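Next come the chains, spelled out residue by residue.
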Amino acid sequence: MGPAAGLAALLAVLALGAGDPAGAAARGDTFSALTSVARALAPERRLLGLLRRYLRGEEARLRDLTRFYDKVLSLHEDSATPVSNPLLAFTLIKRLQSDWRNVVHSLEASENIRALKDGYEKVEQDLPAFEDVEGAARALMRLQDVYMLNVKGLARGVFQRVVGSAVTDLYSPRRLFSLTADDCFQVGKVAYDMGDYYHAIPWLEEAVSLFRGSYGEWKTEDEASLEDALDHLAFAYFQAGNVSCALSLSREFLLYSPDNKRMARNVLKYEKLLAESPNQVVAEAVIQRPNVPHLQTRDIYEGLCQTLGSQPTHYQIPSLYCSYETNSSPYLLLQPVRKEVIHLEPYVVLFHDFVSDVEAQKIRGLAEPWLQRSVVASGEKQLPVEYRISKSAWLKDTVDPLLVTLDHRIGALTGLDVQTPYAEYLQSPTSPLYRMKSGNRVATFMIYLSSVEAGGATAFIYANFSVPVVKNAALFWWNLHRSGEGDGDTLHAGCPVLVGDKWVANKWIHEYGQEFRRPCSSSPKD
């Protein structure tokens, strides 16, 4: 491979759909990639250190206050204490004149909290912004949709698909991590603020349920309350056409906040609407899930993702087989690659153990410092879009000798010319992809650089099959027929990672330069 050719290392991330591409997306995707989330652990560890020092200071202060309290209390509990004792009389007058003032106006508490606030302000610039919270909430909603996850289960830390009465465990974490009422409220509010009541209602319902169960308890970290959750849920139901639920929740709100005039007006409004349309109580509107214009094949895609990676087994289709592949190349003669034919039309194969653990880790390490928001082609431009939240980096073979080795291995295994200008490199606003004039992508070679605990399959939508993530393996398929026409059946999409961190490295090979390696054919089926 020539010095300008590159290996593209793409990171598939948790959150897809992080906001407006020109605005919030620029900031909101920062903590959607798990690499960024992992880096966010460092400032939180610093905050934990600050809080630990604050708690120790407060514990010492409270111990001293307890000592003072116990000393004074003991004097009051001793009925034999003679007030006429001039020493006791002096100390009583002194306590009331100065000791209590010193206790009440002690600066120790304010000094402790000031140190905590100063430390927080130093860390604050490294913390996620609200746009990041919105992006993470939308990620949860996307997982909820694609894998048909139950919100109540998610709130308990359980990943379950619920269809009617059937409950399927998709992933069982070693340690359950439940969400608080405030957590659920914040997810629901993100959907609420977007006018997405399909997602807002179940999350706000769970928030109301949890707030009810802990009503009267005070948690320092919470922003919301039961009243907030009832308020938002009532209006969400009203906007969704369910006036009777809106009325019931609004009345409950007034039990806790009877002086709220706005809610009192809402109750009168809902009562009037129901009086004018009594059938509304029975025939409530069905809340429709928001449709995504760019995913016309959404149902097929999600169905393939829900299988968590499935394809026909070999005994069902005998023409699918496994073998040791050398492709008649001396390069692979002593170390053939394990090849598994996944699908015939389109032709998709999986090469197991294409890279080693050391090689996979090395590529990830080379790419990580250069990861940037992924873009899609739009004419001569490359733009970020709402539905593609991943991060990518392009690595030239001059970066490390390992990349040269991998390109030799890819060329030997596919028999294709991977030298420039027949392979892509450098992703930027002025990408040479559009100056190469080397035709369309004839083939894709995708290397899995990590494993995931659940999700992350590659779904071939029109061909109706999906391939799970297989660490260190490489997936290969032809994008074009031999006639040069595109193979629509290779349309594919990555399923969101349910649990884990998915890294892939893509090698895209173009049609020019392959004329004698993959000869053309006039038959549209070849």
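Residues numbered from 1 in each chain as written. Predicted model: local features only at pLDDT ≥ 70, side-chain atom pairs only at ≥ 80, totals over all residues. Heavy atoms only, no water.

(A) Structural view of the sheet that holds strand β13 (residues 458-460). Taking strand neighbours across the sheet as the criterion, the three strands line up as β14-β13-β16 in an open arrangement whose pairing is antiparallel. Strands at the two margins of the open sheet, each flanked by one partner only, are β14 (465-467) and β16 (492-494). Averaged over all pairs of adjacent strands, the angle between their axes in this sheet comes to 20 degrees, without regard to strand direction. The sheet strands contacting helix α12 (residues 298-306) are β13, β14 and β16, and the helix crosses β13 at an angle near 135 degrees. (Pairing = 2+ DSSP bridges. Helix = DSSP H or I, 4+ residues; strand = E, 2+ residues; numbered from the N terminus. Axes fitted to C-alpha atoms, helices over the stretch in contact; angles between N-to-C directions. Contact = heavy atoms within 4.5 Å.)

(B) Fine view of the pattern of salt bridges. Under the criterion given, the structure shown has 21 salt bridges. Linking Lys 189 and Asp 193 is a salt bridge whose minimum nitrogen-to-oxygen distance equals 2.9 Å. With Lys 189 and Asp 193 both in helix α7 (residues 181-193), this residue pair falls four residues apart, about one helical turn. We classify Lys 189 as partly exposed; its relative accessible area is 25%. For Arg 251, the salt bridge is made with Glu 271, and the minimal N-O distance between the two is 2.8 Å. Placement of Arg 251 in helix α10 (residues 243-256) and of Glu 271 in helix α11 (residues 261-276) is noted, with a sequence separation of 20 residues between them. (Salt bridge = Lys/Arg side-chain N within 4 Å of Asp/Glu carboxyl O. Buried < 20%, exposed > 50% of the residue type's maximum accessible area, 1.4 Å probe, protein only.)

(C) Main features of the packing of α7 against helix α9 (residues 226-239). Their axes nearest at 11 Å, the elements α7 and α9 cross at an angle of 35 degrees. The element α7 and its partner α9 pack so that their crossing is left-handed. For the pair formed by α7 and α9, the contact residues are Phe 185, Lys 189 and Tyr 192 on the first element and Asp 228, Ala 229, His 232, Phe 235 and Ala 236 on the second. Its residues assigned to classes, the contact of α7 with α9 comprises five nonpolar, one polar and two charged. (Left-handed = near helix turned anticlockwise from the far one by under 90°. Nonpolar A, V, L, I, M, F, W, Y, C, P; charged D, E, K, R; others polar.)

(D) Quick peek at the state of the cysteines. The tally for this structure, following the rule as stated, stands at one disulfide. A sulfur-sulfur separation of 2.0 Å characterises the disulfide bridge that pairs Cys 305 with Cys 495. The disulfide joining Cys 305 to Cys 495 has a torsion of about -90 degrees about its S-S bond and is therefore left-handed. A residue pair is termed long-range when its members are at least 10 positions apart, and Cys 305 in helix α12 and Cys 495 in the loop between β16 and β17 (497-500) qualify at 190 residues. Under the relative-accessibility criterion, Cys 495 is labelled buried at 4%. (Disulfide = S-S within 2.5 Å.)

(E) Spatial organisation of the nonpolar core. Counting 58 residues, the largest nonpolar core has Tyr 147, Leu 149, Phe 211, Tyr 301 and Leu 498 as the members making the most contacts within it. Composition of this core by domain shows at least three residues from each of domain 2 (130-276) and domain 3 (297-510). Setting aside anything within four residues of it in sequence, one finds Phe 211 in contact with Ala 181, Asp 182, Phe 185, Asp 222, Ala 224, Ser 225, Leu 226 and Ala 229. Counting residues in hydrophobic clusters, the runner-up holds 35 residues, among them Ala 367, Leu 413, Ala 443 and Phe 476. (Core = buried A, V, L, I, M, F, W, Y, C linked by side-chain atoms within 4.5 Å. Domains from an automatic or database assignment.)

(F) Representation of the packing of aromatic side chains within the structure. Summed over the entire model, instances satisfying the criterion amount to 13 aromatic pairs. Ring geometry for Phe 445 against Phe 476: centres 6.1 Å apart, planes inclined by 55 degrees, an arrangement best described as tilted. A residue pair is termed long-range when its members are at least 10 positions apart, and Phe 445 in strand β11 (residues 441-448) and Phe 476 in strand β15 (residues 474-478) qualify at 31 residues. Look at Phe 445 and you get buried, because its relative accessible area is 0%. Here Phe 476 falls in the buried class, since its relative accessible area comes to 5%. Just above the ring of Phe 354 sits the side chain of Arg 409; from NZ or CZ to the centre is 5.5 Å. The ring of Trp 508 carries the charged tip of Arg 441 above its face, separated from the ring centre by 4.0 Å. (Phe/Tyr/Trp six-rings, centres within 6.5 Å; stacked < 30°, edge-to-face > 60°. Lys NZ or Arg CZ within 6 Å of the ring centre and 35° of its normal.)

(G) View of helix α15 (residues 401-414). For α15, with 14 residues, the first-to-last C-alpha span of 20 Å sits near the 20 Å given by 1.5 Å per residue. The element α15 is largely enclosed, with a buried count of ten among its 14 residues. The backbone nitrogen of Leu 402 has a side-chain oxygen 2.9 Å away, supplied by the residue at the start of α15, namely Asp 400. Two residues or fewer after α15 comes Gly 415, characterised by a positive phi angle close to 75 degrees. (Expected span 1.5 Å × (residues − 1). Polar contact = N/O pair within 3.5 Å; in protein donor to acceptor, adjacent residues only side chain to side chain.)

(H) Representation of unusual backbone geometry. A cis amide bond links Glu 345 to the next residue, Pro 346, at an omega of 5 degrees. Among the structural elements, Pro 346 can be located in the loop between β5 (337-343) and β6 (348-352). Notably, Asn 464 is not glycine yet its phi reads approximately 65 degrees, a positive angle. Looking at the secondary structure, you find Asn 464 in the loop between β13 and β14.

(I) Here's a closer look at the pairing of β5. With six of seven residues buried, β5 is to be regarded as a mostly interior element. With four bridges joining them, strand β4 (residues 322-325) and β5 adopt antiparallel strand pairing. Within β5, the position partnered with Ser 323 by the bridge is Lys 339. Hairpin geometry of β5 and β6 is characterised by an intervening segment of four residues between the two adjacent antiparallel strands.

(J) Fine view of the side chain of Lys 339. Its location among the elements puts Lys 339 in strand β5. A relative accessible area of 9% means that Lys 339 is categorised as buried. Here the side chain of Lys 339 touches Tyr 347 through a polar contact of 3.0 Å, side chain to side chain. Setting aside residues up to four positions removed in sequence, Lys 339 forms contacts with Tyr 321, Cys 322, Ser 323, Glu 325, Tyr 347, Val 349, Leu 350 and Phe 351.

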